[in-house]
Amino acid sequence: MKTIYYKARQKKSNEQPSLKDRRALYYDNIGISINELIKLETDEHYIPHPTAPSILIEYYQDFELAKAVCDDCLITKTVDSLNLKSKKLKIRNVSQFLMKGAKAKIHKRVLKENINKKSKKTFYYYTRLRLSLEDHLFSDRYYVANCSGVNYALLTKVENVRDYTPRFETSNSLLRFYKDTEFAKQICINCPVNKSIKKLNERKESKCTK
């Protein structure tokens, strides 16, 4: 089975004949190994790290490939398969409610974290904190790790390291557990594939203005 990545390379080879051989990409030092390229082009069930398709989208300058990657994405499929409802809360209004004990402590923590937010943590962390206003169990990272199937150490890294990009499977596992539309949007906004699409659009606009 020839995948979307194989078809994209073959299409680009009409402009650059050297790309008829996938080894040309490796020799061009694009940052993807031969083994990874083979998996991408021959295994339709293989799920790469988000950076791999983003590299190829920019290298080929291919909007069709970008659309195909997004259409086939785990996140897209999960959003389509689940009846997701946004749990975005108006945090300023929550203080109007009478809260006691653990819930009051969580609310104070959420307010403090959001007011003093200085990009120290990722949207994965702030999503979990926001959802803890509805269910205080979400304030416990161990609980989320156990229920979502995401390793605790990995979840900690995903929430705290801003320059770390998790695999699609990790984000998808959390999305299936959170079932939150806003979280899904943030995953897509921060995805390397989306950033590559923006770069292609910027190049296109730049050419049009010249």
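From a predicted model like this one, the values you see are computed outputs, not experimental measurements.

Let's talk about the packing of aromatic side chains
The description of two aromatic rings rests on the distance between their centres and on the angle between their planes.
Consideration 1: Evaluation of the coordinates by the stated rule reveals 13 aromatic pairs.
Consideration 2: Between the aromatic rings of Y142 and Y152, the centroid separation amounts to 3.9 Å while the plane-to-plane angle is 5 degrees, which identifies the pairing as stacked. You can see Y142 sitting in helix α10 (residues 141-148) and its partner Y152 sitting in helix α11 (residues 152-160), a full 10 residues away along the chain.
Consideration 3: Seen from the ring of F63, K204 lies directly overhead, with NZ or CZ sitting 5.6 Å from the centre.

Section: the side chain of D180
Consideration 1: Structurally, the position occupied by D180 is in the loop between α12 (168-178) and α13 (181-190).
Consideration 2: Looking at D180, its side chain comes within polar contact range of the side chain of R130, at 2.8 Å.

A few points about the confidence of the model for the protein chain
The predicted structure's coordinates, where accompanied by low pLDDT, should not be read in detail.
Consideration 1: Model confidence for the protein chain is summarised by a mean pLDDT of 86, while 82% of its residues fall at 70 or above.
Consideration 2: Within the model, the stretch residues 88-99 combines pLDDT values under 50 with 16 contacts to residues more than four positions away or in other chains.

Considering the pattern of salt bridges
Consideration 1: Scanning the model with the defined rule gives 15 salt bridges in all.
Consideration 2: With its nearest N and O atoms 3.1 Å apart, the salt bridge here joins K11 to D62. Residue K11 is found in helix α1 (residues 4-12), and its partner D62 is found in the loop between α4 (51-60) and α5 (63-71); the two are separated by 51 residues along the sequence.
Consideration 3: Exposure remark for K11: the relative accessible area of 37% places this residue in the partly exposed category.
Consideration 4: For the salt bridge of R141 with E159, the shortest nitrogen-to-oxygen distance reads 2.8 Å. With a gap of 18 residues between them, R141 in helix α10 and E159 in helix α11 connect regions that are remote in the sequence.
Consideration 5: A single salt-bridge network, built from bridges that share partners, covers R9, R22 and E41.

Topic: the nonpolar core
Consideration 1: If you look at the biggest cluster of nonpolar residues, it comprises 40 residues, and the most contacted ones within it are L56, L65, L174, Y178 and F183.
Consideration 2: In terms of residue count, α12 provides more of this core than any other element does, 5 residues in total.

Brief notes about the side chain of S171
Consideration 1: Positionally, S171 belongs in helix α12.
Consideration 2: With a relative accessible area of 4%, S171 lands in the buried category.
Consideration 3: Beyond its immediate chain neighbours, meaning those up to four positions away, S171 contacts I75, Y124, P166, F183 and I187.

Structural notes on the packing of α10 against α12
Consideration 1: Between α10 and α12, whose axes approach to 9 Å, the crossing angle comes to 100 degrees. What the angle tells us is that α10 and α12 run roughly perpendicular. Taken together, the residues of α12 that come into contact with α10 (itself represented by Y143, V144, C147 and S148) are S173, L174, F177 and Y178.
Consideration 2: The residue inventory of the contact of α10 with α12, partitioned by class, reads 6 nonpolar, 2 polar and no charged.

Rules and cut-offs
- Starting afresh in each chain, residues are numbered from 1 along the sequence in its written order.
- Local features in this predicted model are restricted to residues of pLDDT 70 or higher, and side-chain atom pairs are both shown and tallied only at a pLDDT of 80 or more, whereas totals for entire chains, interfaces and linings draw on every residue.
- Hydrogen atoms and water are omitted, and side-chain values are computed over all heavy atoms in the structure.
- Put simply, two rings from Phe, Tyr or Trp (the six-membered ring, in Trp's case) pair if the centres are within 6.5 Å, and we call them stacked under 30 degrees between planes, edge-to-face over 60, tilted for the rest.
- Helix and strand definitions here come from DSSP, where helices need a minimum of 4 consecutive H or I residues and strands a minimum of 2 consecutive E residues; each element is numbered from the N-terminal end.
- Each ring is checked for a lysine NZ or an arginine CZ that lies within 6 Å of its centre and within 35 degrees of its normal; such an atom marks a charge sitting over the ring.
- For the purposes of these results, a polar contact is taken to be a pair of N or O atoms within 3.5 Å, where, inside protein, one atom must be able to donate a hydrogen and its partner to accept one; residues adjacent in sequence count only when each atom of the pair is a side-chain atom.
- Note on scores: pLDDT gives the predictor's confidence for each residue, bounded by 0 and 100.
- Contact criterion: two residues are considered in contact whenever any of their non-hydrogen atoms come within 4.5 Å of each other.
- Each salt bridge in this description consists of a side-chain nitrogen of Lys or Arg and a carboxyl oxygen of Asp or Glu lying within 4 Å of one another.
- Only protein chains enter the accessibility calculation, which uses a 1.4 Å probe; a residue is then buried when its area is under 20% of its type maximum, exposed when over 50%, and partly exposed in between.
- Take the buried Ala, Val, Leu, Ile, Met, Phe, Trp, Tyr and Cys residues and link them wherever side-chain atoms come within 4.5 Å; each set so joined is a nonpolar core.
- Orientation is described by lines fitted to C-alpha atoms, with helices fitted over the stretch in contact, and by angles between N-to-C directions that extend from 0 to 180 degrees.
- Roughly parallel here means an angle under 35 degrees, roughly antiparallel means over 145, roughly perpendicular means 65 to 115, and every remaining angle is called oblique.
- Here the nonpolar group is Ala, Val, Leu, Ile, Met, Phe, Trp, Tyr, Cys and Pro; Asp, Glu, Lys and Arg are the charged ones; every other residue, Gly included, is treated as polar.

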